[in-house]
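Here's the letter readout for the chains.
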Amino acid sequence: FILATTEVHKLPATILSRCQRFDFSRIPPEDIAARIQYIAGQEDFRITDEAAFLLARMADGALRDALSLLDQCLSDTVAEAAGITGRDHLYELSSAVRNRDPGTALTVLDRLHNASKDMERLCSEMIDFYRNLMVLKSVPHPEGLVIAAPADLEQMRREAEEYDLPA
């Protein structure tokens, strides 16, 4: 028998004591993006590096999830399948927060909500976005810590420069 779970802490000790355990780690986003590109080549369709990285980030280390997302994206763009419209809204929200402008922030949120964008995904994106800004602001060589396409990385660097980190 093979027992697979992502919530090993929920298994009773009597079960765990009778199992041989293999822990798997998350797959790095670069590897997932490369695999997505490989599959795209094998299936004779093209996907941009930025789209492959977006799928890899969304999959959070799970190749199966990345492939499911890729499958969803075959008829749509990656951003539509993710329930988002590019990353411009993140910069708009960041600017509104930085400028202490709740009116603009609420307008952006209302626009996204009315466009049926996934608000839970938006929260995850914002957490990841601010984490990346913090890393870019505080680490000399953040390339391995911030997973983004080169153009995205440069835009995030510019955005990070607008913030001060408390000492």
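Look up: the structure comes first, before these words.
Quick look at the structure, then.

**Re the overall build of the chain**
Move 1: Regarding its fold elements, the chain presents 9 helices and 0 strands.
Move 2: Each of the 167 residues in the chain was classed as buried or not, and the buried ones make up 33%.
Move 3: Here the contacts in the chain between residues at least 6 apart in sequence split such that 54% fall between residues at least 24 apart.
Move 4: Positive and negative side-chain charges in the chain, numbering 18 and 28 respectively, have mean positions lying 5 Å apart.

**Quick notes on unusual backbone geometry**
Excluding glycine, residues mostly carry a negative phi; peptide bonds, for their part, are mostly trans.
Move 1: Unusually for a residue other than glycine, Asp44 sits at a positive phi of about 65°.
Move 2: The residue Asp44 is located in the loop between α2 (29-42) and α3 (49-59) in this model.
Move 3: We note that Arg100 has phi near 50°; this positive angle belongs to a residue other than glycine.
Move 4: Here Arg100 shows up in the loop between α6 (88-98) and α7 (102-114).
Move 5: Relative accessible area serves as the criterion here: at 77%, Arg100 is assigned to the exposed category.

**What about the pattern of salt bridges?**
Close approach of charged atoms allows side chains with opposite charge to pair.
Move 1: In the structure shown here, the tally under the stated rule is 7 salt bridges.
Move 2: Among the ionic pairs, Arg64 bridges to Asp65, the shortest N-O distance being 3.6 Å.
Move 3: By relative accessible area, Asp65 is classed as partly exposed at 33%.

**Structural notes on the environment of Arg111**
Move 1: Its place among the elements puts Arg111 in helix α7.
Move 2: C-alpha of Arg111 to C-alpha of Arg87: the two residues are 24 residues apart in sequence and 14 Å apart in space.

**Some thoughts on α6**
Move 1: Those residues of α6 lying buried are His89, Leu90, Tyr91, Leu93, Ser94 and Ala96.
Move 2: Trailing α6 by a residue or two, Arg100 shows a phi angle of about 50°, which is positive.

**Observations concerning the side chain of Asp152**
Move 1: By secondary structure assignment, the location of Asp152 is in helix α9 (residues 150-161).
Move 2: In this view, Asp152 contacts Arg87 and Tyr91; residues no more than four positions away in its chain are not counted.

**Describing the environment of Arg26**
Move 1: Relative to the assigned elements, Arg26 resides in the loop between α1 (13-16) and α2.
Move 2: Residue Arg26 is classed as exposed on the basis of its relative accessible area, which comes to 57%.
Move 3: At 2.8 Å, the side chain of Arg26 and the backbone oxygen of Asp60 are in polar contact.

**Some thoughts on α7**
Move 1: Look at α7: 18 Å from first C-alpha to last across 13 residues, which is about the 18 Å you get at 1.5 Å a residue.
Move 2: Ala105, Val108 and Leu112 are the residues of α7 that are buried. Projected onto a plane normal to the axis of α7, the buried residues spread over an arc of 65° and lie on a single side. Within α7, the exposed residues directed more than 90 degrees away from the buried face are Pro102, Leu106, Thr107 and Asn114.
Move 3: Those residues of α7 that are buried are in contact with α6 and α8 (119-138).
Move 4: Ser116, located one to two residues past α7, shows a positive phi value of around 60°.

Reading guide: rules and limits
- Residues numbered from 1 in each chain as written.
- Predicted model: local features only at pLDDT ≥ 70, side-chain atom pairs only at ≥ 80, totals over all residues.
- Heavy atoms only, no water.
- Helix = DSSP H or I, 4+ residues; strand = E, 2+ residues; numbered from the N terminus.
- Buried < 20%, exposed > 50% of the residue type's maximum accessible area, 1.4 Å probe, protein only.
- Contact = heavy atoms within 4.5 Å.
- Lys, Arg positive; Asp, Glu negative; His and termini not counted.
- Charge placed at Lys NZ, Arg CZ, Asp CG, Glu CD.
- Salt bridge = Lys/Arg side-chain N within 4 Å of Asp/Glu carboxyl O.
- Polar contact = N/O pair within 3.5 Å; in protein donor to acceptor, adjacent residues only side chain to side chain.
- Expected span 1.5 Å × (residues − 1).
- Arc of directions from axis to C-beta.

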